[in-house]
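Structural features, examined
Chain by chain, the residues:
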Amino acid sequence: MEKRGIATGKNILVFYSNTNTPGRLDATGAFVPEAKAFGRLHQVSAPNLVGMDCYNKSKASRRDYVLNTISQSGTKWDGIFFFGHGWPDGIQFGFNRVHVSELAARIASCCAIDAKIGLYACLAAENDERAQDYGNVGPGTDGGFADILRDELVRDGI
């Protein structure tokens, strides 16, 4: 049976958190198996499945590692996917709203124009509105990290 997925056979890069938060099985119970299953489904080559210690490394070193890894390919990526914690302000890989334009610019310079960018990062599509008592506006609304990343990618031509 032929494998079929949204990006099967393409040049895909997958980042995933591989270190559990103390007392939890967040990496080994979710991020690692999901990233690897995604990799099998989409035929991602082993070197392009990048596990990261997102618990013990500084945000700056995580961010630098992601940016450098994206750039090292020498070819255009067809997709980049992140499997880790996400919050309205950012993702576990060291990026927040302050650094989102840096991530978008790197993606735009190293990806095909129709690249798929995926955040498997719980609350990254949420915004801060509920925390600011503006009512129950729910996830996927304007202002969250995912929304800002998408807007930056569009401005950068992706």
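A few points on the structure. These numbers were taken from a predicted model, which means no experiment stands behind them.

Estimates place the volume of the largest pocket at around 160 Å³. If you trace the largest pocket, you find it lined by Cys54, Lys59, Arg62, Arg63, Trp87, Asp89, Gly90, Ile91, Gln92, Gly94, Phe95 and Asn96. Looking at the lining of the largest pocket, the elements with two or more residues in it are helix H2 (59-71), strand S5 (90-91) and strand S6 (95-96). By residue number, the principal contributor to the lining of the largest pocket is H2, which donates three residues. Here the lining of the largest pocket is built from residues that sort into four nonpolar, four polar and four charged.

Grouped together as the largest cluster of nonpolar side chains are 26 residues, with contacts concentrated most on Phe15, Val66, Ile70, Ile80, Phe93 and Leu103. Elements that contribute at least two residues to this core include exactly strand S1 (12-17), strand S2 (49-52), H2, strand S3 (77-83), helix H3 (100-110), strand S7 (111-120) and helix H4 (145-155). What Phe15 contacts, discounting residues up to four positions off in sequence, is Val50, Met52, Val66, Thr69, Ile70, Ile80, Phe81, Phe82, Phe83 and Phe93. Ile12, Ala27, Phe38 and Phe83 belong to the second largest nonpolar core, which has eleven residues in total.

Basis of the calculations
Throughout this description, residue numbers start from 1 for each chain and increase along the sequence as written. Per-residue local features are limited, in this predicted model, to residues with pLDDT of at least 70; the limit for side-chain atom pairs, both in listing and counting, is 80 or more; totals at the level of whole chains, interfaces and linings are taken over all residues. Based on all heavy atoms of the structure, the side-chain values leave hydrogens and waters out of the count. Method remark: on a 1 Å grid restricted to protein atoms, a set of points is classed as a cavity if a 1.4 Å probe fits but cannot get out and as a pocket if it is open with protein on both sides within 12 Å along at least five of seven lines; lining residues have an atom within 4 Å of a point. Grid points are joined across faces, edges and corners, and a volume is the space filled by probe spheres set on the points. Secondary structure is summarised from DSSP: a helix means a run of H or I of at least four residues, a strand means a run of E of at least two, and numbering begins at the N terminus for each. Just so you know the grouping, Ala, Val, Leu, Ile, Met, Phe, Trp, Tyr, Cys and Pro go in nonpolar, Asp, Glu, Lys and Arg go in charged, and all remaining residues, Gly too, go in polar. Note on terminology: a nonpolar core comprises buried Ala, Val, Leu, Ile, Met, Phe, Trp, Tyr and Cys residues joined through side-chain atoms within 4.5 Å. The classification of residues rests on relative accessible area computed with a 1.4 Å probe and restricted to protein chains. Under 20% of the type maximum is buried, over 50% is exposed, and intermediate values are partly exposed. In this analysis, two residues are considered to be in contact whenever any of their non-hydrogen atoms come within 4.5 Å of each other.

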